[in-house]
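Read off the chains here:
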Amino acid sequence: LETPINICFIGAGYVGGTSSAVMAYKCPENMVKVTVCDISHEKINAWNSDKLPIYEPGLEDIVKKQRGKNLFFTTDLNSSIDASDIIFISVGTPTKKKGFGAGQAADLKYVECAARKIAQISKNSKIIVEKSTVPCRTAEHIRTILDSNKLSHKQTLSPKNHSKNNNNISNSINKSNNFNYYYYNSELNIKNEDFNVNNFNINYHNDNINNINNNDDYNNSMDSSSISNNDSTLTDIDSCSESNTFYQGQEQELNKSIFDDLLEIKLKKNRNIENEKSSCHFEILSNPEFLSEGTAINDLLYPDRVLIGGLQTKEGIKAQNLLYQLYSYWIPKEKIITMSLWSSELSKLAANALLAQRISSINALSALCEEVGADIQEVSYACGLDTRIGSKFLNASIGFGGSCFKKDILNLVYLCNVFKLPEVADYWMQVIKMNEYRKTKFIKNILNRLFNTLSGKSITVFGFSFKKNTKDTRESAAITIVMALLQENAIIKIYDPKVTKEQIYYDIKENSDPQEFNENISNTIICDSAYDAAHKSDAIIICTEWDEFTTLNYQNIYNNMNKPAFIFDGRLILNHNKLKKIGFIVEAIGKKI
Ligand code: NAD
Ligand code: UDX
């Protein structure tokens, strides 16, 4: 068997950078080579330097240990794709800014771009893994693009079929031109048959799980003569059926030599490349990422579960098997779950929606606590003790931020609307509305306590990232709060232990009207320490729950502030009684102090 297995990540961001590093770290160096590519030279240079582009506890050690051994960062997409056996697509999927579905639908242009690149470059069969969070059935679109390429190569090789195939080619390319085609057209009620292009081997109308037993490929795969029990260097998989994570019969398929597929792929490399290109096969898997920023390395080393979605065809099951074996190097088998492609894609959106929904639920109750005199921390504790509810993700806050929750819920809302489920869409939309309401109520409280005018007042903001232990500011509640205070003509002094000055100014610029940008920048001072930021200030606002904010000398801080000195605790991390004793006027989310 030819090793190492070449794994390529397209997209060296939070997910691509961290998950590739952990994979390289946990797989044997001589067996698995991981190459991470990005179009951004700046980012790749940073990954190859001492100053990594992202901050995650534990990441630097792993990257330094593996880089140059079995972990490589490059902008050379062509060579990396060409050499790869498995490709993880880990590019961004932000919310669309314009056109159909603007403000809700996922913008899949980066995913499409990556798929087109794979189609253009690949000369041999590969497994393509959706690592990015994508709407349901995106795998279908990736397949269309990859198969279009295959078709166009067949076309050039078989001039006899020229006129016949030409229609197919142009149809398939048209249909793959826009990744959101399927959703837009379901809005317009175009017939589903229109989507059966390019020899899709799935039945559009039916869930492929129900079709398993009617699938010839699948039944063939059950033929015991096709099963070999070659020993392999990877762990065996005999506990699969016990864990009930596989479909009926699938465990037999999984007993095959783990790298049979790869062997096939690698052997093909030695044959005539042009001919191979027309017959190369792309199997698409869904393998969503559940890491949280700030704890990414721990989450990747010890995940609650790993999902591998695939078509229940012979090839699909083989590809699932391969990825399963790769993850088995460090993840207990019972935590690696295989399922259908569409369930896997939807599970990612569903998990984020459920987590965000808990935060919005507790934040809704926090607003009520502020009025009736209850304490949200006590209410949260009492509810969390019920094992059916559980205590995690019940911390009231100034609202959830981060690159995923809002984007993924909007994506879910869009899907529901497209499929004519307005009640379901409204239900999930309320999670986002509540998040916005929580921020607004907090800002109104600040204004109210500061005598309804901030003009000329100096306000200190502790923390700018969307949560502690990351320098990511995407959708950070701090941005909304700072922009609202700037509108009130306050002078803002910001301190964050990790977020750079450039990033803060960038976020303010992005959120300012062009005519207000200069004024906003001149009214914002970025400080090097919490003490500097609070000096001669009227109020402190805790926006991020960085540990260092809990251990500051608040007596010193108070002594150097304007009086009356206010503290607004948006994260419930401070000792409010102690602060009151020092002399602060204390306000906190979800309680009356
Ligand atoms: P990111 O913006 O940090 O990184 C994406 C990278 O892809 C960028 O560096 C960009 O330059 C690169 N890229 C874009 N197009 C490319 C192309 N054609 N070829 C090569 N590189 C290209 O994004 P992220 O936070 O890593 O998120 C990636 C995906 O993972 C998203 O779908 C996101 O929803 C999902 N996700 C993110 C998190 C998280 O905590 N950030 C967690 C789970 C899932
Ligand atoms: C989230 C999901 O948790 C993760 O599984 C997915 O892969 C990506 O999206 P992330 O956004 O990195 O991860 O961080 P998370 O810990 O979920 O926090 C999101 C936001 O919710 C932060 O602003 C955090 O401060 C806030 N939050 C979290 C609360 O306000 N209260 C809580 O109880 C938990």
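Above: the structure in question.
Small disclaimer: the values here were computed from a predicted structure and weren't measured. Every chain is numbered independently, its residues counted from 1 as its sequence is written. Each chain gets a letter, beginning with A, and each ligand a number, beginning with 1, in the order they are written. Selection of residues for local features in this predicted model requires a pLDDT of at least 70, selection of side-chain atom pairs for listing and counting requires 80 or more, and totals for whole chains, interfaces and linings are taken over all residues. Note that water and hydrogens are dropped before the side-chain values are worked out from all heavy atoms of the structure.

(A) Just the overall build of the chain, in detail. On a plain count of helices and strands, the chain comes out with 25 helices and 14 strands. With a 1.4 Å probe rolled over the protein chains alone, any residue whose accessible area is under 20% of its type maximum counts as buried; one over 50% counts as exposed, and the rest are partly exposed. Within the chain, the proportion of its 593 residues that are buried is 55%. Here the open area of atoms and residues is found with the Shrake-Rupley method and a 1.4 Å probe, where only the protein chains shown may cover a residue. Surface summary for the chain: the accessible area is close to 26,000 Å², and the carbon and sulfur share equals 49%. Secondary structure elements are defined from DSSP: runs of H or I of at least 4 residues count as helices, runs of E of at least 2 residues count as strands, and each element is numbered from the N terminus.

(B) Main features of the packing of aromatic side chains. When the centres of two rings from Phe, Tyr and Trp lie within 6.5 Å, Trp using its six-membered ring, the rings pair. Their planes under 30 degrees apart give stacked, over 60 give edge-to-face, and anything left gives tilted. Under the criterion given, the structure shown has 12 aromatic pairs. Ring centres of Trp47 and Phe73 lie 5.0 Å apart, and the angle between their planes is 5°; on these two criteria the pair is classed as stacked. Here the residue Trp47 occupies a position in helix H2 (residues 41–47), and Phe73 occupies one in strand S3 (residues 71–74), the gap between them amounting to 26 residues. For the residue pair Trp47 and Phe73, the accessibility class agrees, reading buried in each case. Judged by centre distance (4.9 Å) and plane angle (15°), the ring pair of Phe462 and Phe549 falls under stacked. Here the residue Phe462 occupies a position in strand S9 (residues 458–462), and Phe549 occupies one in the loop between strand S12 (539–542) and helix H24 (554–559), the gap between them amounting to 87 residues.

(C) Region of interest: the side chain of Thr460. Tracing the backbone shows Thr460 in strand S9. Residue classification places Thr460 among the buried residues on the basis of a relative accessible area of 0%. Apart from residues lying up to four places away in sequence, Thr460 is in contact with Lys493, Ala533, Ala534, Ser537, Ala539, Ile540 and Ile541. Two residues qualify as a contact provided that any one of their heavy atoms is within 4.5 Å of a heavy atom in the partner residue.

(D) Region of interest: the site of ligand 1. For this description, a residue counts as near a given molecule or strand if any of its non-hydrogen atoms is within 4 Å of it. Within the structure, ligand 1 sits among 25 residues, and Val15, Asp38, Lys43, Thr93 and Lys407 are positioned closest to it. The term polar contact refers here to a pair of N or O atoms within 3.5 Å; inside protein, the definition further demands a hydrogen-donor-capable atom paired with an acceptor-capable atom, and it admits residues adjacent in sequence only when both atoms are side-chain atoms. Contacts to ligand 1 include Lys43, whose side-chain N or O atom sits 2.8 Å from an oxygen atom. Elements with a contribution of two residues or more to the shell around ligand 1: helix H1 (14–26) and helix H5 (109–121). Throughout, the ten residues Ala, Val, Leu, Ile, Met, Phe, Trp, Tyr, Cys and Pro are labelled nonpolar, Asp, Glu, Lys and Arg are labelled charged, and all others, Gly among them, are labelled polar. Partitioning the shell around ligand 1 into residue classes produces 10 nonpolar, eight polar and seven charged.

(E) How the structure looks around the environment of Arg116. By secondary structure assignment, the location of Arg116 is in helix H5. The class of Arg116 is partly exposed, set by a relative accessible area of 31%. Counting along the chain gives 29 residues from Arg116 to Ile145, while the straight-line C-alpha distance between them is 6.4 Å.

(F) Region of interest: helix H19 (residues 422–449). Between its terminal C-alpha atoms H19 stretches 40 Å, which fits the 40 Å expected from 28 residues at 1.5 Å a residue. Where H19 ends, the next residue or the one after it, Phe451, has phi of about 65°, a positive value. Every helix has an expected span of 1.5 Å times one less than the residues it contains.

(G) Highlighting the site of ligand 2. For ligand 2, the set of nearby residues contains 20 residues, the closest of which are Leu291, Glu293, Ser397, Lys467 and Arg571. A distance of 2.7 Å separates an oxygen atom of ligand 2 from a polar atom in the backbone of Glu293. One of the backbone nitrogen or oxygen atoms of Leu394 is found 3.4 Å away from an oxygen atom of ligand 2. Summarising the interface, the protein chains cover 92% of the accessible area of ligand 2, which totals 650 Å² for the free molecule. Its residues assigned to classes, the shell around ligand 2 shows 10 nonpolar, five polar and five charged.

(H) Molecular detail of the pairing of strand S5 (residues 126–130). Counting buried positions along S5 yields five of five residues, so the element is predominantly enclosed. Neither face of S5 is open: one carries Lys126, Ile128 and Glu130, the other Ile127 and Val129, and all of them are buried. Pairs of strands are assigned from DSSP output, requiring at least two bridges between the strands. Where S5 and strand S6 (residues 282–286) come together, five bridges link them in parallel fashion. Counterpart to Glu130 in the pairing with S6 is Ser286.

(I) Quick peek at the pattern of salt bridges. Salt bridges are defined by distance alone: a side-chain nitrogen of Lys or Arg within 4 Å of a carboxyl oxygen of Asp or Glu. Evaluated as defined, the whole model comprises 20 salt bridges. Its salt-bridge partner being Arg474, residue Glu293 comes within 3.5 Å of it at the nearest N-O pair. Of this pair, Glu293 sits in the loop between S6 and helix H14 (296–301) while Arg474 sits in the loop between S9 and helix H20 (477–487), and the two are 181 residues apart along the sequence. By relative accessible area, Arg474 is classed as partly exposed at 40%. In this structure, Asp408 and Lys407 form a salt bridge, with 3.0 Å as the shortest nitrogen-oxygen distance. An identical accessibility class is assigned to Asp408 and Lys407; each is buried. Taken together, the shared-partner salt bridges connect Glu370, Glu371, Arg438 and Lys441 into one network.

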